[in-house]
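Residue strings, one per chain:
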Amino acid sequence: QVQLVESGGGLVQPGGSLKLSCAASGSFLSIGVMGWYRQAPGKQREWVALIAPGGITNYAQDVKGRFTISRDNANNTVSLQMNSLKPEDTAVYYCDFKIKTYDTGFLDYWGQGTQVTVSS
């Protein structure tokens, strides 16, 4: 059984920084793309950043230059370093891994979500 566990959310002032992490555990063959999404109150979940197994990254336009996604393939983790945070970054952040198990092709697995609040 595959589980993703997130950590690192919290309250930060505008202009501050936070680092989120997400780790996969359980039995599986491989992890493909890892990503971060967020959902603000009253809004749909939106994509924030993605990283491929080889390290190629892609970012949503409104976080480009402020957020950095990275992965540690040996430890099955992904991180999101968030700098220059703005109030509009306030949301619940979710990690998403595409994981291949012994029984299936690549499927989406989601973390439980972690709250990020940017406020003075």
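Please refer to the structure higher up on the page.
The sections below set out a description of the structure shown in this document.

Each value, and the rule that gives it
- Residue indices follow the written sequence of each chain, beginning from 1 at its first position.
- Local features in this predicted model are restricted to residues whose pLDDT is 70 or higher, and side-chain atom pairs enter the listing and the counts only when it is 80 or higher, whereas totals over whole chains, interfaces and linings include all residues.
- Values shown for side chains rest on all heavy atoms present in the structure; no hydrogens or waters enter the calculation.
- Note: two strands are recorded as paired if DSSP finds a minimum of 2 bridges between them.
- In this text, helices come from DSSP runs of H or I with a minimum length of four residues, and strands from runs of E with a minimum of two, each type numbered from the N-terminal end.
- The axes used here are C-alpha line fits, helices contributing only the stretch in contact, and every angle between their N-to-C directions lies in the interval 0 to 180 degrees.
- When a residue's accessible area, from a 1.4 Å probe over protein chains only, is under 20% of the maximum for its type it is buried; when over 50% it is exposed; and in between it is partly exposed.
- The definition of a polar contact used here is a pair of N or O atoms within 3.5 Å, where within protein one atom must be able to donate a hydrogen and the other to accept one, and adjacent residues in sequence count solely through side-chain atom pairs.
- By definition in these notes, contact holds between two residues if any of their heavy atoms fall within 4.5 Å.
- Note on aromatic contacts: the rings of Phe and Tyr and the six-membered ring of Trp form a pair at centre separations within 6.5 Å, being stacked when their planes are under 30 degrees apart, edge-to-face when over 60 apart, and tilted otherwise.
- A ring is considered to have a charge above it if a Lys NZ or an Arg CZ atom is located within 6 Å of its centre and within 35 degrees of its normal.
- Definition used in this section: a nonpolar core is a set of buried Ala, Val, Leu, Ile, Met, Phe, Trp, Tyr and Cys residues joined via side-chain atoms within 4.5 Å.
- Sulfur atoms of two cysteines make up a disulfide when they are within 2.5 Å.

Now for the sheet that holds strand E1 (residues 3–7). Spatial strand order, E1-E3-E8-E7: four strands in an open sheet with antiparallel pairing. One side of each edge strand has no neighbouring strand; the edge strands of this open sheet are E1 and strand E7 (67–72). Averaged over neighbouring strand pairs, the angle between their axes works out to 15° when direction is ignored. Bridging between E1 and strand E3 (residues 18–25) involves five bridges; their strand directions are antiparallel. By the bridge assignment for E3, Ser-7 is matched with Ser-21.

If you trace the backbone, Thr-101 turns up in the loop between strand E9 (91–100) and strand E10 (106–110). A relative accessible area of 9% means that Thr-101 is categorised as buried. Looking at Thr-101, its side chain comes within polar contact range of the side chain of Thr-104, at 2.9 Å. With sequence-adjacent residues up to four places away left out, Thr-101 is seen in contact with Val-2, Ser-27, Phe-28, Leu-29 and Tyr-109.

Given two aromatic rings, their pairing is described by the distance between the two centres and the angle made by the two planes. With the rule as written, the count across this model stands at one aromatic pair. For the cation-ring pair, Arg-45 lies above Tyr-94, with the distance from its terminal atom to the ring centre recorded as 3.7 Å. A cation over an aromatic ring shows up here: Arg-45 above the ring of Trp-110, its NZ or CZ 4.7 Å from the ring centre.

Turning our attention to the nonpolar core. Formed by 30 residues in total, the largest nonpolar core has its most connected members in Trp-36, Leu-80, Met-82, Tyr-93 and Phe-97. Of all elements in the fold, only E3, strand E4 (30–39), strand E5 (46–51), E7, strand E8 (77–82), E9 and strand E11 (114–118) reach the threshold of two or more residues within this core. Here this core takes five residues from E9, the largest share from any one element.

Turning next to the state of the cysteines. Taken as a whole, this structure holds one disulfide when the rule is applied. Between the sulfur atoms of Cys-22 and its disulfide mate Cys-95 the distance is 2.0 Å. In this structure, the disulfide formed by Cys-22 and Cys-95 twists by about 50° around the S-S bond and is classed as right-handed. Linking Cys-22 in strand E3 with Cys-95 in strand E9, this pair joins segments that are 73 residues apart in sequence. For Cys-22, a relative accessible area of 1% translates into the label buried.

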